[in-house]
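One letter stands for each residue in the lines below.
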Amino acid sequence: MGLQIGDIAPDFEAQTTDGPIKFHDYINGSWAVLFSHPKNFTPVCTTELGYTAKLKPEFDKRGVKVIGLSVDALNAHEKWAQDIKETQGHSLNFPLIADPDRKVANLYGMIHPNASDTLTVRSVFVIGPDKKIKLTLNYPASTGRNFDEILRVIDSLQLTAKHQVATPVNWHNGEDVIIVTSVSDEDAKKKYPAGWRTQRPYLRIVAQPRG
Ligand code: BEZ
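Before going into details, it helps to say that this report is about the structure given with it. Remember, it's a predicted structure, so these values are computed and weren't measured experimentally.

1. A look at the site of the ligand
Consideration 1: In the vicinity of the ligand, the contacting residues are P38, T42, P43, V44, C45, R122 and A141.
Consideration 2: Notes on the ligand: free accessible area 260 Å², of which the protein chains cover 77%.
Consideration 3: Residue contributions to the shell around the ligand peak at three residues, all from helix α2 (residues 43-61).
Consideration 4: Of the residues that constitute the shell around the ligand, the class distribution is five nonpolar, one polar and one charged.

2. Looking at the sheet that holds strand β10 (residues 197-200)
The strands making up a sheet associate through backbone hydrogen bonding, with each pair oriented either parallel or antiparallel.
Consideration 1: Strand order across the open sheet formed by four strands is β8-β9-β11-β10, with antiparallel pairing between neighbours. A strand with exactly one partner marks an edge of an open sheet, and here the two such strands are β8 (165-166) and β10.
Consideration 2: In terms of strand pairing, β10 meets strand β11 (residues 203-206) through three bridges, oriented antiparallel. By the bridge assignment for β11, T198 is matched with R204.

3. Structural notes on the packing of α2 against helix α3 (residues 74-88)
Consideration 1: Direction vectors running N to C along α2 and α3 enclose 75°, while the axes themselves pass 9 Å from each other. Comparing their axes, α3 and α2 come out roughly perpendicular. Residues C45, T46, T47, L49 and G50 of α2 form the contact with α3, whose own contacting residues are W80, I84, T87 and Q88.
Consideration 2: Grouping the constituent residues of the contact of α2 with α3 by class yields four nonpolar, five polar and no charged.

Each value, and the rule that gives it
Residues numbered from 1 in each chain as written. Predicted model: local features only at pLDDT ≥ 70, side-chain atom pairs only at ≥ 80, totals over all residues. Heavy atoms only, no water. Near = heavy atom within 4 Å. Areas by Shrake-Rupley, 256 points an atom, 1.4 Å probe, with all protein chains shown as cover. Helix = DSSP H or I, 4+ residues; strand = E, 2+ residues; numbered from the N terminus. Nonpolar A, V, L, I, M, F, W, Y, C, P; charged D, E, K, R; others polar. Pairing = 2+ DSSP bridges. Axes fitted to C-alpha atoms, helices over the stretch in contact; angles between N-to-C directions. Parallel < 35°, antiparallel > 145°, perpendicular 65-115°, else oblique. Contact = heavy atoms within 4.5 Å.

What follows is the structure, given as structure tokens:
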């Protein structure tokens, strides 16, 4: 059984393009996104890394540290970073883990042997300030991920960590949310004095709480 939501994200030491890290020290009470790339100098990965570099201010705004991984050596990462800058127009502005012995990839179950024995799939782990895994995703190598969706999920995770709400289908930050069923109508009245819409007793819609 691989890593699951609620598990502690395993700690590790690794070389990165920003120097050596110990993962738990690197997280240091922040939210984090750890994501794998099958291999250096591959087209889909190059676009993903450029786009994530472009989105970095959005991750920063949310207090999220982003860190990529590819199963190649550090000197190859440095050469690839040049290509990413030249082709995507955004320089790598977050660490990229060098994992040539696949130590981290194996620790996190990023290698799916029936897909490839040597390359990782496109895994994503969103990790909370408590170091627990909040979300896992696995995409095949041929499909680039949607990093706007990862930001959207982080908005939901950060909101639901603070308030007793859940977010409905295709929700975006600022839109109405759902009062979780464990909150009674009596308690909801105290939390939401402006009221909410009840479609079913289990489906209560309220404006997104602020703060
Ligand atoms: C890519 O990033 O384009 C890629 C990497 C590994 C396998 C297939 C595609």
